[in-house]
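As a plain string of letters, each chain reads:
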Amino acid sequence: MRPAPADDHPDLTAFIRANLPLAEIPSIPGIRLHTATPKSGLYRLAMADGSDLMPPYWAYPWAGGTVLARYLLDQPQEVAGKRVVDLGTGSGLVAIMAMKCAAAHVLAVDIDAKAIAAARLNAAANGVSIDVRLGDIVDGAPPAADVILAGDVFYDEALAERVLPFLRRCRTAGLDVLIGDPGRAPLPTGSLLPIADYAVPDFGGARGSPTATSAVFRLR
């Protein structure tokens, strides 16, 4: 696993810039993200890379990441001056907010090359610099960091079974672990301390419900 260099996916970067316009995120003032619209033609990315069947999580605002970003906006001391890892960064929203809250360093990690490209573009559009890494770190040792931010990582049972032990190892190693989630079924509520909640936009919400009351938790 290695940091993704700036020219890893020039065609992908050009596609995102051309087809996913920058849009403001409700409840997160001052941040704009490249966001998919009905005219973005995301299917063309799948057709161009038949081996990549991953859903485009990076192209939309999801409640877990958005609620974490909103919480950091209100509580910047959680990351100010600290080394931060944004696990499953997606669009990079949480990583961007951490830098805007004066984090000393932010590493945004994702297993999807498209997310890495989008996070890099979104960071530049918001005037911050983040490091990005393409790869899966949850089977490894805790990273050299002070804080782990994990938004929307408990949407799937199989993923939850891998992520939770990693986050527990991080907590045991002395890292603070903050989790954002709208209350999906795999969320390990018995291991979490709720610390805040907000009504935030959720692309994955039920039809007619564009917002979700989502919460921020600290791993005990």
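Residues numbered from 1 in each chain as written. Predicted model: local features only at pLDDT ≥ 70, side-chain atom pairs only at ≥ 80, totals over all residues. Heavy atoms only, no water.

1. Here we look at the nonpolar core
As a rule of thumb, soluble globular proteins bury nonpolar side chains together. In terms of nonpolar packing, the biggest core is built from 36 residues, with Leu 72, Val 79, Val 84, Ala 98, Ile 130 and Leu 149 touching the most fellow members. Of all elements in the fold, only β3 (28–34), α3 (63–74), α4 (93–100), β5 (105–110), α5 (113–125), β7 (147–151), β9 (192–201) and β10 (211–219) reach the threshold of two or more residues within this core. Beyond its immediate sequence surroundings of up to four residues, Ala 98 is in contact with Leu 72, Val 79, Val 84, Ala 103, Val 106 and Leu 149. Counting 25 residues, the second largest nonpolar core, distinct from the first, contains Leu 107, Ile 137, Ala 145 and Phe 217. (Core = buried A, V, L, I, M, F, W, Y, C linked by side-chain atoms within 4.5 Å. Buried < 20%, exposed > 50% of the residue type's maximum accessible area, 1.4 Å probe, protein only. Helix = DSSP H or I, 4+ residues; strand = E, 2+ residues; numbered from the N terminus. Contact = heavy atoms within 4.5 Å.)

2. Examining the side chain of Asp 152
Tracing the backbone shows Asp 152 in the loop between β7 and α6 (157–172). Of the polar contacts made by the side chain of Asp 152, one reaches the backbone nitrogen of Gly 65; its length is 2.7 Å. Sequence-distant contacts of Asp 152, that is, excluding residues within four places in its chain, are made with Trp 62, Ala 63, Gly 64, Gly 65, Gly 180, Pro 182 and Arg 184. (Polar contact = N/O pair within 3.5 Å; in protein donor to acceptor, adjacent residues only side chain to side chain.)

3. Some thoughts on the pattern of salt bridges
Evaluated as defined, the whole model comprises eight salt bridges. Residues Arg 162 and Asp 136 are paired through a salt bridge, measuring 2.9 Å at the closest nitrogen-oxygen approach. Highlighted residues: Arg 162 in helix α6 and Asp 136 in the loop between β6 (131–134) and β7, separated in sequence by 26 residues. A residue is classified by how much of its surface remains accessible, and Arg 162, at 31% relative accessible area, is partly exposed. One connected set of salt bridges, linked through shared partners, spans Glu 78, Asp 176 and Arg 218. (Salt bridge = Lys/Arg side-chain N within 4 Å of Asp/Glu carboxyl O.)

4. Examining α6
Counted at 1.5 Å a residue, the expected span for α6 with its 16 residues is 22 Å, and the 23 Å between its end C-alpha atoms agrees. On the buried face of α6, the contacting elements are β4 (83–87), β7, β8 (176–181) and β10. Of the residues flanking the start of α6, the one acting as N-cap is Asp 156, its side-chain oxygen 3.0 Å from the backbone nitrogen of Ala 158. Directly after α6, the chain includes Gly 174, whose backbone phi takes a positive value near 100 degrees. (Expected span 1.5 Å × (residues − 1).)

5. Some remarks on the environment of Pro 194
Its location among the elements puts Pro 194 in strand β9. For Pro 194 and Ile 179, which are 15 residues apart along the polypeptide, the C-alpha to C-alpha distance reads 9.3 Å. The contacts of Pro 194, once residues within four sequence positions are left out, are Val 216 and Phe 217.

6. Comments concerning the environment of Ala 144
With respect to the helices and strands, Ala 144 occurs in the loop between β6 and β7. For Ala 144, a relative accessible area of 67% gives the class exposed. Between the C-alpha atom of Ala 144 and that of Leu 175, which follows or precedes it by 31 residues, the distance is 9.0 Å.

7. Re the packing of α3 against α4
Viewed as axis vectors pointing N to C, α3 and α4 meet at an angle of 5 degrees, and their least axial separation amounts to 9 Å. By the angle class used here, α3 and α4 are roughly parallel. Where α3 approaches α4, its residues Gly 65, Thr 66, Leu 68, Ala 69, Leu 72 and Leu 73 are matched on the opposing element by Leu 93, Val 94, Met 97 and Ala 98. Residue composition of the contact of α3 with α4, grouped by class: eight nonpolar, two polar and no charged. (Axes fitted to C-alpha atoms, helices over the stretch in contact; angles between N-to-C directions. Parallel < 35°, antiparallel > 145°, perpendicular 65-115°, else oblique. Nonpolar A, V, L, I, M, F, W, Y, C, P; charged D, E, K, R; others polar.)

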